Amino acid sequence: MEWVRGETIGHGTFSTVSLATPTNNAYGAFPQVMAVKSADSHGAASLANEKWVLDILGNDCDGLVRCLGEDRTVENGEEMHNLFLEYASRGSLASHLKKLNGEGLPESTVRRHTGSVLRGLRHIHAKGFAHCDLKLGNILLFGDGAVKIADFGLAKRAGEVTALMDGGVQIRGTPLYMAPESVNDNEYGSEADVWALGCAVVEMFSGKTAWSFKEGSHFMSLLIRIGVGDELPRIPEDLSEQGRDFLSKCFVKDPKKRWTAEMLLNHPFVAVDLDQDDLEGVDIQLKTEEVFASPRCPFEFSSWVSASCDSGTQYHTLEAPEERVATLAAGSIPDWSVTNNWVIVR
Ligand SMILES: Nc1ncnc2c1ncn2[C@@H]1O[C@H](COP(=O)(O)OP(=O)(O)OP(=O)(O)O)[C@@H](O)[C@H]1O
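This one's a predicted model, so the numbers in the text were calculated from it and none came from an experiment. (Residues numbered from 1 in each chain as written. Predicted model: local features only at pLDDT ≥ 70, side-chain atom pairs only at ≥ 80, totals over all residues. Heavy atoms only, no water.)

Draft legend 1. Representation of the pattern of salt bridges within the structure. For the structure shown, the criterion picks out 13 salt bridges. The salt bridge partner of Arg111 is Glu107, with a shortest N-O separation of 2.9 Å. Of this pair, Arg111 and Glu107 both sit in helix 3 (residues 107-126), 4 residues apart, which is roughly one turn of the helix. You can call Arg111 buried: its relative accessible area is 0%. Residue classification places Glu107 among the buried residues on the basis of a relative accessible area of 9%. (Salt bridge = Lys/Arg side-chain N within 4 Å of Asp/Glu carboxyl O. Helix = DSSP H or I, 4+ residues; strand = E, 2+ residues; numbered from the N terminus. Buried < 20%, exposed > 50% of the residue type's maximum accessible area, 1.4 Å probe, protein only.)

Draft legend 2. Representation of the sheet that holds strand 5 (residues 78-86) in the model. An order of 1-2-3-5-4 is seen for the 5 strands of this open sheet, with the pairing classed as antiparallel. With partners counted over all chains shown, the strands left at the sheet margins are strand 1 (3-11) and strand 4 (67-75), one partner each. Taking the axes of each pair of neighbouring strands and ignoring which way they run, one obtains an average angle of 30 degrees across the sheet. Examined bridge by bridge, strand 3 (residues 34-39) and strand 5 share 6 bridges and lie antiparallel to one another. Note on strand 5: the bridge partner recorded for Lys37 is Leu83. (Pairing = 2+ DSSP bridges. Axes fitted to C-alpha atoms, helices over the stretch in contact; angles between N-to-C directions.)

Draft legend 3. Spotlight on the side chain of His113. With respect to the secondary-structure elements, His113 resides in helix 3. Non-local contacts of His113, meaning those with residues more than four positions away in its chain, are made with Leu93, Leu105, Leu141, Gly145, Val147 and Met204. (Contact = heavy atoms within 4.5 Å.)

Draft legend 4. Seen up close, the domain arrangement of the chain. Taken domain by domain, the chain comprises domain 1 (1-84) and domain 2 (89-264). Distance from the C-alpha centre of domain 1 to the C-alpha centre of domain 2: 25 Å. The largest share of the area that domain 1 buries against domain 2 comes from Leu57, Leu64 and Val65, three residues that together contribute 32% of it. Our enumeration of links across domain 1 and domain 2 arrives at 1 salt bridge. Between Lys37 and Asp151 there is a salt bridge, with its nearest N and O atoms 3.2 Å apart. Joining domain 1 to domain 2, the criterion identifies 8 residue pairs in polar contact (both at pLDDT 80 or more). Broken down by element, the side of domain 1 that touches domain 2 gets its largest block of residues, 8 residues, from helix 1 (residues 44-57). (Domains from an automatic or database assignment. Buried area = accessible area lost by both parts, 1.4 Å probe. Polar contact = N/O pair within 3.5 Å; in protein donor to acceptor, adjacent residues only side chain to side chain.)

Draft legend 5. Spatial organisation of the pairing of strand 2 (residues 16-22). Along strand 2, 5 of the 7 residues are buried, which leaves the element largely enclosed by surrounding structure. Relative to strand 2, strand 1 runs antiparallel, the two sharing 6 bridges. Across the sheet, Thr8 pairs through a bridge with Ser18, a residue of strand 2. Pairing between strand 2 and strand 3: 5 bridges, direction antiparallel.

Draft legend 6. Region of the structure containing the side chain of Glu203. The residue Glu203 is located in helix 5 (residues 190-206) in this model. For the buried residue Glu203, which engages in no salt bridge, the nearest side chain bearing the opposite charge is Arg234, 8.1 Å off. Side-chain polar atoms of Glu203 contact the side chain of Tyr177, separated by 2.6 Å. Apart from residues no more than four positions distant in its own chain, Glu203 is found in contact with Leu97, Leu136, Tyr177, Lys208 and Thr209. (Lys, Arg positive; Asp, Glu negative; His and termini not counted.)

Draft legend 7. Local environment of the packing of aromatic side chains. The tally for this structure, following the rule as stated, stands at 4 aromatic pairs. Note on Trp52 and Phe129: the rings are 5.4 Å apart at their centroids and 75 degrees apart in plane angle, and the pair reads as edge-to-face. Pair noted here: Trp52 is in helix 1 and Phe129 is in strand 6 (residues 129-130), with a separation of 77 residues, a long-range link. Relative accessible area serves as the criterion here: at 0%, Phe129 is assigned to the buried category. Aromatic side chains Phe246 and Phe269 sit 5.1 Å apart centroid to centroid with 45 degrees between the ring planes, which places their arrangement in the tilted category. (Phe/Tyr/Trp six-rings, centres within 6.5 Å; stacked < 30°, edge-to-face > 60°.)

Draft legend 8. Representation of helix 3 in the model. In this model, helix 3 (20 residues) spans 28 Å end to end at C-alpha, consistent with the 28 Å of a helix rising 1.5 Å per residue. One or two positions beyond helix 3, positive phi appears at Gly128, with a value near 90 degrees. (Expected span 1.5 Å × (residues − 1).)

Draft legend 9. Highlighting the UniProt feature "binding site: ATP" (unreviewed entry) in the chain. UniProt tags Lys37 as "binding site: ATP" (unreviewed entry). One can find Lys37 in strand 3. Its relative accessible area of 10% is what places Lys37 among the buried residues. In contact with Lys37, other than residues within four places in its own chain, are Ser15, Thr16, Val17, Leu47, Glu50, His81, Asn82, Leu83, Leu85 and Asp151. Within polar-contact distance, the side chain of Lys37 engages the side chain of Glu50 at 2.7 Å. (UniProt positions renumbered as here; feature names shortened; annotations may be inferred.)

Draft legend 10. Representation of the state of the cysteines within the structure. Applying the stated criterion across every chain yields a total of 0 disulfides. Free cysteine Cys61: the closest other cysteine sulfur is in Cys67, separated by 15 Å. (Disulfide = S-S within 2.5 Å.)

Draft legend 11. Just the layout of surface pockets, in detail. Taken as a whole, the largest pocket encloses approximately 1,100 Å³ of empty space. Elements with a minimum of two residues in the lining of the largest pocket: strand 1, strand 3, helix 1, strand 5 and helix 2 (93-98). No other element matches helix 2, which puts 4 residues into the lining of the largest pocket. For the lining of the largest pocket, the class distribution of residues is 15 nonpolar, 19 polar and 9 charged. No fewer than three residues from each of domain 1 (1-84) and domain 2 (89-264) sit in the lining of the largest pocket. (1 Å grid on protein atoms, 1.4 Å probe; cavity = no way out; pocket = protein on both sides within 12 Å on 5 of 7 lines; lining within 4 Å. Points joined across faces, edges and corners; volume = space filled by probe spheres on them. Nonpolar A, V, L, I, M, F, W, Y, C, P; charged D, E, K, R; others polar.)

Okay, here's the thing in structure tokens:
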């Protein structure tokens, strides 16, 4: 396919996203407008990982952004790696929410979006992957109101371990969305995606992040709150009872007891008539014990192997989460960023 690059529509840590138009689209094989995610040699590995994951996930799940191919170009003397994606004309949910000036979305919309994201997550997890960077910036909004999960640059196979050569530990994703087991044990499995989904639901509904933190405060203090103690993300009080119950299933500190995407798809918050806004009176039948007695997910909790660091780091020998977090906090401190990706703590 020959194509021309259009205006820039997004920037990420590893890439720039712009519009792309095919110039020889005689058989209509490609949409007239696409998004092209481009990276130079620094972002090539992340883009290659994204292409590999998207190829395995396939294009048959409505909850995931579709991959339309790849290409290499030389621009300004530099080799660029390009990944073509279907174009989400309304951008990310993060940018959409920003326009609302701190207001959230109506609960009916949040329910609909949550159902779509859950269907995407179920597909990812059923294929044996974890997304590892679910956040509003990676949920794209299409012209018809559909939302889809994007950005598979950090996605990985369940149980796959990523460790730095020098024995450091990589903290994936955005600290605000990190699950306790990721903070404490470097585990990034499907369960961590469910925790991140809960954070995204809070943010969609309230327009505010699930964890409150003071502007300019150190991200390590947030990690300590996530990893140590009983504190949970803020569940909005004005959310319906069903919504609050849904979130309580996402925000279970023990990943083995957290609900799976498959289980959550049967929760009344997303499984009921989406046009009804006020569902306070509906009796919630689902009980954690009942679900655990009869798992309805493709992953039995016991057979799901969580990623753990096998690089011989000191973290293996630590017994308590407090020690692990304290060790992280004692390391060299990267800049606190709410929106960006890799935080490397050595
Ligand atoms: N298919 C798309 N259609 C429209 N906009 C897109 C598309 N893909 C990405 N974008 C925009 O570009 C931004 C960056 O894209 P993406 O998150 O995939 O890049 P990244 O380099 O992996 O970034 P991150 O720092 O989040 O890892 C998104 O937040 C979104 O605003």
